[in-house]
Amino acid sequence: MGFFKTLFGGKEENPEEKKKRDDARDFEVLRDDGVRALRSGQAAYAVKCFRKALEIRDELQIHDYLSQALIRADELRPAMQELHLLAEAEPDNIQIFITMARVAYMMEDYQAMNEACEKATLIDSDNAEVVFLYGRASLGQQDLVNAVAMFTKAIMLNDKHGDAYLQRGETLLRMGDLEGAEEDADHLLAEVPDHEDVLLLKARVLMAQKRYEEATEVYSRVIDGNPFCVAAYKERGAAYMALNQKDAAEADMRKMLELSPNELADVSGSFSAEGVEQKVRQIYKNNDVFGIFSS
């Protein structure tokens, strides 16, 4: 090749130029392979591609792709490191802080989530999603009053924010505000009548109000939509016990144990036909979140 380049007046490529050309080609191949892997759900392979690409050339776009791949691969701490790097480079990009808050939520690191929301608020204090995430951070830190305030503000900013209604309703229920919780549940039921989480909220409000017959009907709707919902069987069984419908309570308990055998761990002795009622009652007393058996 060198002979022909000399013969025809061409200039032979030096090693440094060749390396630059090869690196550019390899970078593009790794980037494109990583993007394809990310889009097809091959997160682990995408992570490898993007990390190799960054060894060749440090680009923000690749750090962004890498953060997405790490999140999908459930490598949350490394993902957060990538997001911090992106935030330093683009401190006015609110989407980066929103993603940081969501990753912190998955990590159950509510302090980090709170900090990400604070930074996002400095960019846009009226962003409904930021305010909602702020509420979730407060909830994670057991600040229920502030959580309700944040969920309410998110609803004021976006009255179609279903998650904010749901989280506010669940929080109000925890705080004992049954009227407020029921209002949120009924509002959501008018919008999404078959949503499992909304139906569970409604049923739990009814349980707290000791409206057990109505609660069993709502739990039955949950089970019709999802016959594998352990919580629905457990809580409907508790309602049946409160109604003194022991056979129905036992049937729900058996189904609950079939789906989640570890529920039997707190009950001494074996589960057999003898003493069924006592076993049923003991299991429900161990999970008496509605105070049915405390009186």
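Data block above holds the structure.
Conventions used here
- Residues numbered from 1 in each chain as written.
- Predicted model: local features only at pLDDT ≥ 70, side-chain atom pairs only at ≥ 80, totals over all residues.
- Heavy atoms only, no water.
- Helix = DSSP H or I, 4+ residues; strand = E, 2+ residues; numbered from the N terminus.
- Buried < 20%, exposed > 50% of the residue type's maximum accessible area, 1.4 Å probe, protein only.
- Contact = heavy atoms within 4.5 Å.
- Areas by Shrake-Rupley, 256 points an atom, 1.4 Å probe, with all protein chains shown as cover.
- Expected span 1.5 Å × (residues − 1).
- Arc of directions from axis to C-beta.

> What is the right way to read the overall build of the protein chain from this model?
In terms of regular secondary structure, the protein chain is built from 16 helices and zero strands. The burial tally for the protein chain puts 41% of its 295 residues in the buried class. Of the contacts made within the protein chain by residues no fewer than 6 positions apart, 45% connect residues no fewer than 24 positions apart. For the protein chain, the exposed area adds up to about 16,300 Å²; of that, 48% sits on carbon and sulfur atoms.

> Can you help me understand helix α7 (residues 110-123) in this one?
Turn by turn, an α-helix covers 3.6 residues, leaving residues three or four places apart pointing in a common direction. For α7, spanning 14 residues, the distance from its first C-alpha to its last is 20 Å, which sits close to the expected 20 Å at 1.5 Å a residue. Residues Met 113, Asn 114, Ala 116, Cys 117 and Ala 120 constitute the buried set of α7. Angularly, the buried residues of α7 cover 165° about the axis, an arc narrow enough to put them on a single face. Close packing links the buried residues of α7 with α6 (94-106) and α8 (128-140).

> Even after reading the chapter, I still don't get unusual backbone geometry, so can you show me in this structure?
Positive phi is not limited to glycine here, since Glu 108 has a value of about 60°. Relative to the helices and strands, Glu 108 resides in the loop between α6 and α7. A relative accessible area of 59% places Glu 108 in the exposed class.

> What is the right way to read the environment of Ala 69 from this model?
Counting through the fold element by element, Ala 69 comes out in helix α4 (residues 60-72). Classification of Ala 69 by relative accessible area gives buried; the value is 0%. With 24 residues separating them in the primary sequence, Ala 69 and Tyr 45 have C-alpha atoms 8.8 Å apart. If sequence neighbours within four positions are ignored, Ala 69 has contacts with Leu 38, Ala 43, Ala 46, Val 47 and Phe 50.

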